[in-house]
Amino acid sequence: MIPKIIITIDGYSSCGKSTLAKQLAKKLSYAYIDSGAMYRAITLYFLRNNINLEDEKEVKEALKNISIDFIVNKNSDQSEIYLNDENVEYIIRDLVIAEKVSEVAALKNVRKFAVSAQQKMGINKGIVMDGRDIGTTVFPDAEIKIFMLADEAVRVERRFAEMYEKNPNISLDEIKSNIAMRDYIDSNRKISPLRKADDAVELDNTHLTQKEQLDFALDLVKNIQQPA
Ligand code: DC
């Protein structure tokens with residue numbers, strides 16, 4: 001039997017990380033974990049409960065009341081996130097959450113909470129996880145690390161198309177400034193800032209189709225499992 005590995009996919013907002021991660025996980029029959037969804041679910045909880053982000057004690061107490069699970073939806077065969085047993089997969093994609101999530105994700109206690117849960121999910125390997133610090137902090141020993149890039153204009157258009165479907169009132173400018181703001185905060189925070197792990201492979205998908213990027217990643221897996 002081929003031993004299972006851990007595959008990490010990090011990169012800037014809206015680079016197509018989750019698209020690749022989902023397809024890769026499906027192809028390999030691995031679990032897919034969207035780590036960004038965890039930060040979004042925590043943000044949703046904090047907003048609903050008016051948690052003061054500047055009050056470390058309040059944040060710590062709030063985290064004790066949060067439980068996050070990923071459960072596969074049998075109809076779509078996709079894993080969906082649950083916050084305290086409520087399916088929040090769709091609510092957390094809202095712009096209201098996107099506007100606050102980077103601030104929440106920069107908090108020390110939030111990162112501790114999320115990273116420790118993510119590490120537990122990878123204990124048996126056979127997992128594809130995407131995010132910002134997966135190859136650097138969560139799984140520094142992962143067998144395959146991909147760092148995704150794409151031109152800003154392409155990223156904005158992709159995210160706009162995705163968000164417009166749910167909210168036709170959204171503007172390209174709103175998306176553009178949200179992506180720029182998140183990239184800035186995510187790259188400049190003190191703890192586990194977004195950066196390419198030294199041993200990560202870069203994948204710029206500005207001009208690639210989904211199939212081409214999937215083939216690129218599958219080649220990396222093949223090289224590990226059947227070295228030439
Ligand atoms: O992947 P996403 O856009 O859903 O992630 C939402 C935010 O969560 C992102 O702007 C930064 C934060 N995040 C993080 O800090 N670390 C991760 N591993 C994943 C996401």
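This report concerns the structure included in the present document. Only a predicted model underlies this, so the values are computations on that prediction, with no experimental measurement involved. (Residues numbered from 1 in each chain as written. Predicted model: local features only at pLDDT ≥ 70, side-chain atom pairs only at ≥ 80, totals over all residues. Heavy atoms only, no water.)

### Some details on the layout of surface pockets
Sizing a probe to match a water molecule and rolling it over the atoms shows the empty space that remains.
Argument step 1. Computed from the structure, the largest pocket encloses a volume of approximately 1100 Å³.
Argument step 2. Forming the boundary of the largest pocket are 45 residues, of which Ser18, Asp34, Arg93, Arg159 and Glu162 lie nearest the centre.
Argument step 3. The element best represented in the lining of the largest pocket is helix H7 (residues 152-166), accounting for six residues.
Argument step 4. By residue class, the composition of the lining of the largest pocket is ten nonpolar, 16 polar and 19 charged.
Argument step 5. Looking at the second largest pocket, its volume works out to about 260 Å³.
Argument step 6. Along the walls of the second largest pocket sit 13 residues, with Ala25, Lys26, Tyr30, Tyr32 and Asp77 positioned nearest its centre. (1 Å grid on protein atoms, 1.4 Å probe; cavity = no way out; pocket = protein on both sides within 12 Å on 5 of 7 lines; lining within 4 Å. Points joined across faces, edges and corners; volume = space filled by probe spheres on them. Helix = DSSP H or I, 4+ residues; strand = E, 2+ residues; numbered from the N terminus. Nonpolar A, V, L, I, M, F, W, Y, C, P; charged D, E, K, R; others polar.)

### Details of the environment of Ala153
Argument step 1. If you trace the backbone, Ala153 turns up in helix H7.
Argument step 2. Exposure remark for Ala153: the relative accessible area of 54% places this residue in the exposed category.
Argument step 3. In sequence terms Ala153 and Lys176 are 23 residues apart; their C-alpha atoms lie 8.4 Å from each other. (Buried < 20%, exposed > 50% of the residue type's maximum accessible area, 1.4 Å probe, protein only.)

### Structural notes on unusual backbone geometry
Argument step 1. Residue Ser14 is not a glycine yet carries a positive backbone phi of 60°.
Argument step 2. Unusually for a residue other than glycine, Lys125 sits at a positive phi of about 55°.
Argument step 3. Relative to the helices and strands, Lys125 resides in the loop between helix H5 (108-121) and strand S6 (127-131).

### Observations concerning the site of the ligand
Argument step 1. Among the 15 residues in the neighbourhood of the ligand, the closest are listed as Arg40, Asp133, Arg182, Asp186 and Arg189.
Argument step 2. Separating an oxygen atom of the ligand from a side-chain N or O atom of Arg132 is a distance of 3.0 Å.
Argument step 3. A distance of 2.8 Å separates an oxygen atom of the ligand from a polar side-chain atom of Asp186.
Argument step 4. For the ligand, the accessible surface in isolation is 440 Å², of which the surrounding protein chains cover 96%.
Argument step 5. Mapping the ligand onto the cavity grids shows that it belongs to the largest pocket.
Argument step 6. Only helix H2 (35-48), helix H4 (95-105) and helix H8 (172-188) provide two or more residues apiece to the shell around the ligand.
Argument step 7. In terms of residue count, H2 provides more of the shell around the ligand than any other element does, four residues in total. (Near = heavy atom within 4 Å. Polar contact = N/O pair within 3.5 Å; in protein donor to acceptor, adjacent residues only side chain to side chain. Areas by Shrake-Rupley, 256 points an atom, 1.4 Å probe, with all protein chains shown as cover. Sits in = over half its atoms within 2 Å of the grid points.)

### A few points about the packing of H2 against H5
A packed helix pair is summarised by two numbers, namely the angle formed by the two axes and the spacing between the axes.
Argument step 1. The geometry of H2 relative to H5 is characterised by a closest axis approach of 11 Å and an angle of 140° between their N-to-C directions. The orientation of H2 with respect to H5, classified from their angle, is oblique. The two elements H2 and H5 cross, and the hand of that crossing is right-handed. Residues Ser35, Met38, Tyr39, Ile42 and Phe46 of H2 form the contact with H5, whose participating residues are Val110, Arg111, Phe113, Ala114, Val115, Ala117, Gln118 and Met121.
Argument step 2. Tallied by class, residues from the contact of H2 with H5 come to ten nonpolar, two polar and one charged. (Axes fitted to C-alpha atoms, helices over the stretch in contact; angles between N-to-C directions. Parallel < 35°, antiparallel > 145°, perpendicular 65-115°, else oblique. Left-handed = near helix turned anticlockwise from the far one by under 90°. Contact = heavy atoms within 4.5 Å.)

### Let's talk about the pattern of salt bridges
Argument step 1. If you walk through the whole model with that rule in mind, you get 14 salt bridges.
Argument step 2. The shortest N-O distance in the salt bridge between Glu89 and Arg93 comes to 2.9 Å.
Argument step 3. The class for Arg93 is buried, based on a relative accessible area of 18%.
Argument step 4. Notably, a salt bridge pairs Arg189 with Asp186, separated by 3.8 Å at the nearest N-O pair.
Argument step 5. With a relative accessible area of 8%, Arg189 lands in the buried category.
Argument step 6. The exposure class of Asp186 is buried, given its relative accessible area of 4%.
Argument step 7. Each of the salt bridges in this network shares a partner with another, and the network as a whole consists of Asp34, Glu89 and Arg93. (Salt bridge = Lys/Arg side-chain N within 4 Å of Asp/Glu carboxyl O.)

Any link to function would need more than the numbers given here.
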